[in-house]
Amino acid sequence: MAVLDRRTGREIPESGFGGGTLDFLYGNVLGRVLLKWVAAAPWFSRWQGKRRDRPASKDDILPFIEENHIDLTDGGFGPGWHPEEFLTFNAFFARQRNYDAYFADLKKAGLLASFDEAERELPAVADARLSVYPVTPDLEAPVKQSVYTLSELVGRNGHDLDLTPFDGGHLLVFRLGVDDYHRYVFPDSGQLRQRYFLPGELHTVRPVSERYRVFARNARSVSVLDTDHFGPMLQIAVGAMLVGHIVETPMEHVRFDALQEKGYFEFGGSTILLVTGPGIEIDVDLIEATKRGDEVKVRLGEPVGTRT
């Protein structure tokens, strides 16, 4: 599996951060014991999160930037950041964009999704490695080596949800690496109908954990959206190893705007699942890349599909 930069077509190497540790945890018996009782347990991520909230954690920022080749110019869009302005590691990791400047630059470069009523484009909700899977009439989505049902993604708390509008739609998997911007947005304007949290384990979302069916086992926040231009959607924030918190904007039964910030992840890789109905045509390059087994690096706000 390769990660391809959508702008250049070049392959992007996966960050090596924690790679050896993950191979140990998922690759042998002793590692899997530690995985079950320590590494994937929520208490371990909470402990790590508190450690990264301490002032001394500021010393970890520059080595982390260098090791993971993090672009502080914000990918060439927006004003970027200066490492010295952050008082803790978590403050750096959950850094916030100047969205007005970022979207203005993205639009100037011709890379911002169009919100013209005649041809409304679905934007990427995060900087991430994106893959796209069809939702079958049985409300299943074949994701790599697993098949997920929508009912298990939304969990027991969503047993009363009507999932039939998603028959024939798509499951978009936005996988965030440690080098990505870790805040995410709403895909459209609309109404938040329901939101709830599902406790669970915290496995890594890297390919090494595929057999663990992490999207159904990990802690996650499920949002049911009624969007103005794309119809009903599910937006699911999936926690991952060392992600102490999924932090979402406090709101219930209120309206939101397109590209309004929805929340962020604290330290660690993480994933946003976006489930659409059949009225959206996903861009062909993303569909073809997923069929090859590849992921495509997309930037928050750029188009990934169009309303049909």
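Because the structure is predicted, anything quoted here is derived from the model rather than measured. Here the residue numbering is sequential within each chain, running from 1 through the sequence in written order. Local features are withheld for residues below a pLDDT of 70 in this predicted model, meaning they are given only at 70 or higher, and side-chain atom pairs are given and counted only at 80 or more; totals for whole chains, interfaces and linings count all residues. Only hydrogens and water are removed before side-chain values are computed, so all heavy atoms of the structure are retained for them.

(A) Region of the structure containing the overall build of the protein. Helix numbering and strand numbering both begin at the N terminus, where a helix is a DSSP run of H or I of at least 4 residues and a strand a DSSP run of E of at least 2. A count of helical and extended segments in the protein gives nine helices and 17 strands. The rule is simple: take the accessible area with a 1.4 Å probe, protein chains only, and divide by the maximum for that residue type; under 20% is buried, over 50% is exposed, in between is partly exposed. In the protein, which comprises 308 residues, the proportion classed as buried is 56%. Residue contacts are counted whenever heavy atoms from the two residues lie within 4.5 Å of one another. Long-range contacts, defined as pairs at least 24 residues apart, comprise 78% of the intrachain contacts of the protein with a sequence gap of at least 6. Computed with a 1.4 Å probe, the accessible areas rest on the Shrake-Rupley method; for each residue, only the protein chains presented here act as cover. A total accessible area of about 13600 Å² is found for the protein, and carbon and sulfur atoms account for 54% of it.

(B) Representation of the pairing of strand 17 (residues 303–307). In terms of burial, strand 17 is largely enclosed, as four of its five residues are buried. The rule for pairing is simple: two strands pair if DSSP sees at least two bridges between them. In the sheet, strand 15 (residues 280–282) pairs with strand 17 via three bridges, with the strands oriented antiparallel. Note on strand 17: the bridge partner recorded for Glu281 is Thr306.

(C) A look at the sheet that holds strand 15. Reading across the sheet, the three strands line up as 2-17-15 and stay open at both edges, with antiparallel pairing between neighbours. Edge strands, defined here as strands with exactly one partner in the open sheet, are strand 2 (121–123) and strand 15. Adjacent strand axes in the sheet meet at a mean angle of 35° when their direction is disregarded. Inspection of the sheet shows strand 2 paired to strand 17 by three bridges, in the antiparallel sense. Across the sheet, residue Glu121 finds its bridge partner in strand 17, namely Thr306. Geometry is summarised by axes, namely lines fitted to C-alpha atoms with helices restricted to the contacting stretch, and by angles between N-to-C directions that run from 0 to 180 degrees.

(D) Main features of the confidence of the model for the protein. Per-residue confidence for the protein averages 83 on the pLDDT scale, and 80% of its residues sit at or above 70. Note on scores: pLDDT gives the predictor's confidence for each residue, bounded by 0 and 100. Averaged over each element, pLDDT in the protein is lowest for helix 2 (residues 29–39) (44) and highest for strand 2 (97). Confidence drops under a pLDDT of 50 for residues 29–40, and excluding neighbours within four residues, the segment shows 28 contacts in the predicted structure. Considering only residues more than four positions removed or in separate chains, one finds that residues 204–209, a stretch of pLDDT under 50, has 24 contacts.

(E) Layout of the pattern of salt bridges. We define a salt bridge as a side-chain nitrogen of Lys or Arg found within 4 Å of a carboxyl oxygen belonging to Asp or Glu. Under the defined criterion, the tally for this structure stands at 19 salt bridges. Between Asp179 and Arg129 there is a salt bridge, with its nearest N and O atoms 3.3 Å apart. Taken together, the residues Asp179 in the loop between strand 6 (170–176) and strand 7 (183–185) and Arg129 in strand 3 (residues 128–134) connect sequence positions 50 residues apart. Ionic pairing is found between Asp180 and Lys297, a salt bridge with its closest N-O pair at 3.1 Å. Note that Asp180 is positioned in the loop between strand 6 and strand 7 and Lys297 in strand 16 (residues 295–298), a separation of 117 residues in sequence. Judged by its relative accessible area of 11%, Lys297 falls in the buried class. Within the structure, one salt-bridge network assembled from shared partners comprises Arg6, Asp283, Asp285 and Glu302.

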